[in-house]
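Letter by letter, the chains look like this.
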Amino acid sequence: MKKILLTAIAFLLSLSAFALPGEQVISDTSGEYIYFEDNTFKTETYIGFLYYNPETYAIRYYSPLNKKTKTQEKSITLYLTVDSTKEKLSITGEYIVGASEQEDTEIVNYLHDLFYELTERRKKVSFSKLELLESEEEFLQFGGDVIITYNPLAPIFNIQTITSKSGTILLNLRHVGLLSSSGDKSFEAYTGNIKEKDQKRTVKKQKTTPYEASYSNTKCTIDTSWTQNAENFYLYGNNALLMLNSTALPKELEDSPELFMLLLFRKLATCPKENIIPWHSVSIKQKSDSSTEVSLLVIDTKEQTATRVFHTLIKNGNSIDYAMLSVFDGAYQKDRSYYNSILESIR
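What counts, and at which threshold
Along each chain, residue indices are assigned from 1 in the same order as the chain's sequence is written. Restriction of local features to residues with pLDDT of at least 70 applies here, the model being predicted, together with a cutoff of 80 or more for giving and counting side-chain atom pairs; totals for whole chains, interfaces and linings are based on all residues. Only heavy atoms go into the side-chain values, all of them from the structure, while hydrogens and water stay out. For this analysis, a salt bridge means a side-chain nitrogen from Lys or Arg found within 4 Å of a carboxyl oxygen belonging to Asp or Glu. Secondary structure elements are taken from DSSP: a helix is a run of H or I of four residues or more, a strand is a run of E of two residues or more, and numbering for both begins at the N terminus. Whether a residue is buried, partly exposed or exposed follows from its accessible area with a 1.4 Å probe, protein chains only, as a fraction of its type maximum: under 20%, in between, or over 50%, in that order.

## Description of the pattern of salt bridges
Counted according to the given criterion, the structure contains 16 salt bridges. Between Asp-104 and Lys-74 there is a salt bridge, with its nearest N and O atoms 2.9 Å apart. Separated by 30 residues along the polypeptide, Asp-104 in helix 2 (residues 102-123) and Lys-74 in strand 4 (residues 74-82) bring together distant segments of the chain. For the residue pair Asp-104 and Lys-74, the accessibility class agrees, reading buried in each case. One salt bridge in this structure joins Glu-293 and Lys-287, with 3.9 Å as the shortest N-O distance. Overall, the relative accessible area of 6% leaves Glu-293 in the buried class. Residue Lys-287 is classed as partly exposed on the basis of its relative accessible area, which comes to 23%.

Structure below.
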């Protein structure tokens, strides 16, 4: 939870210096990676993409050991450089690790094709607000006509799922992560087996009095069991934290508050370093015409913790009000109605 707090604080402190990206509306963060489950293979298979910078990527194929089918574990990683000045994807260099058989050549070619296709399709999609977009497209690698669901919060390609016309999920975004340093091996070590269970949490009930917590224009209702540690920061024992804030719309986006909210959500939903986000946990909730909530589960694989994080943004004239509630999942599951009531009171 500390990493989540530090990530949010660092981002909020930088809001006054927020700069618009260049041609791409939503920029990726160096070290971000994603893993899809690819159901077009006969065995359990994951395809990962890692973004270092606009000129450098890595792609990984991973299939675990399957004793029933006697399929051996296989891991193939491609380290690629590209020419970012070209309109179409142009690979300028490649280093391959793990490919040794003829079958591996077919896998490498498949990874090349997938990288080209996903890159080109992403360029054709435009977002002006936080919403899922479904597009019917022809995709030969997936058997013909498919439905692609684009999510602006999903890193690199903004693709959440690729589904056949019959409803079969062919490609499914499973996890999102962020490397902590050049020595972080979490991308290469990924096996698809991420435990989402939190540690046991103690929840003590006591008599409390409700009151309004506020900072700038942002308000919500909590109670006297919360401790105010700063002007806009509250703690609920060791189980939860609440942060309130507000920021002015940049002059460039005064007429496009929904686009600015999208940019904020994309940054706020970036996975903290050394953590991983199960993508099925990411939820977008339109609470009102002016208020939107994005919730997600953050797994700290080292500390073996799971944290439920809720980001709420509210359009308020020429400013955006912000609230973050972060709760260890073990505590949240024990008292969902209590935390949900706080979320519903945010205004």
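## Looking at the environment of Gly-167
Mapped onto the fold, Gly-167 is located in the loop between strand 8 (159-164) and strand 9 (169-178). Sequence separation between Gly-167 and Leu-78 is 89 residues; the distance between their C-alpha atoms is 31 Å.

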